[in-house]
Amino acid sequence: TNITDISNQGHYAINHSAFRMIEDKPLLGLGLGQFPLVFNQQYITEATKKVEGHISHAHNDTLTMGAENGIVGIAFFWLMFGSFLFYSLKAWRESRRIEDLMFFAVTLAAVIQGFTDTRFGMHAVNKLYFLLIAVYINYRFGKEKDQETL
């Protein structure tokens, strides 16, 4: 990664400002959906203005969650995704069902994508993720229900 690239500098500046937002309101954050308003009024820098005129999110799920919902929000966010990853991998290791591995892989891909951008407000990405989760739940638990009725 070239740190002199203007896009990389802008992402670094956005992330730095997001950390400052978390420092200013560490416990509960600024409030759900408040990142764009507060960032553009109080935390925008010249470096970020070179990349985008209006910043709608930190390019990182954890930083966006932390700025809006504080440490409490980060804890619940990672508890949710950590639980998804842990239990799907555990289920796959115990049963070797492909659907459990699929759930793990889809969730891991979403988590990795969340390190470089955010899914919040990206409706297509969220819809695809939750569609795949719904397919998993239906297939995984629907199959067990079908076997019980036999």
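Coordinates for the structure precede this section.
Residues numbered from 1 in each chain as written. Predicted model: local features only at pLDDT ≥ 70, side-chain atom pairs only at ≥ 80, totals over all residues. Heavy atoms only, no water.

Enquirer: Tell me about empty space enclosed by the protein, and name the residues and values.
Expert: Per the stated rule, a full pass over the model turns up 1 cavity of 30 Å³ or more. Roughly 30 Å³ of internal volume is contained in the largest cavity. Lining the largest cavity are Asp-61, Thr-62, Phe-77, Trp-78, Val-111, Gly-114, Phe-115 and Arg-119. Going through the elements one at a time, α4 (61–95) and α5 (98–116) are the ones with two or more residues in the lining of the largest cavity. Top element by residues in the lining of the largest cavity is α4. It accounts for 4 residues. Looking at the lining of the largest cavity residue by residue, the classes come out as 4 nonpolar, 2 polar and 2 charged. (1 Å grid on protein atoms, 1.4 Å probe; cavity = no way out; pocket = protein on both sides within 12 Å on 5 of 7 lines; lining within 4 Å. Points joined across faces, edges and corners; volume = space filled by probe spheres on them. Helix = DSSP H or I, 4+ residues; strand = E, 2+ residues; numbered from the N terminus. Nonpolar A, V, L, I, M, F, W, Y, C, P; charged D, E, K, R; others polar.)

Enquirer: Give me the lowdown on the environment of Lys-50, citing residues and values where you can.
Expert: Structurally, Lys-50 is set in helix α3 (residues 46–51). Using a relative accessible area of 62% as the deciding quantity, one classes Lys-50 as exposed. Taking C-alpha positions, Lys-50 is 9.3 Å from Gln-9, a pair spaced 41 residues apart along the chain. (Buried < 20%, exposed > 50% of the residue type's maximum accessible area, 1.4 Å probe, protein only.)

Enquirer: Could you give an account of the packing of aromatic side chains, naming the residues involved and the relevant values?
Expert: Tallying each qualifying case throughout the model produces 10 aromatic pairs. On the numbers, 6.1 Å between centres and 20° between planes, the contact of Trp-78 with Phe-115 is stacked. Of the two residues, Trp-78 is situated in helix α4 and Phe-115 in helix α5; the sequence distance between them amounts to 37 residues. With a centroid separation of 4.5 Å and 10° between ring planes, the pair formed by Phe-103 and Tyr-136 is classed as stacked. Of this pair, Phe-103 sits in helix α5 while Tyr-136 sits in helix α6 (residues 123–149), and the two are 33 residues apart along the sequence. (Phe/Tyr/Trp six-rings, centres within 6.5 Å; stacked < 30°, edge-to-face > 60°.)

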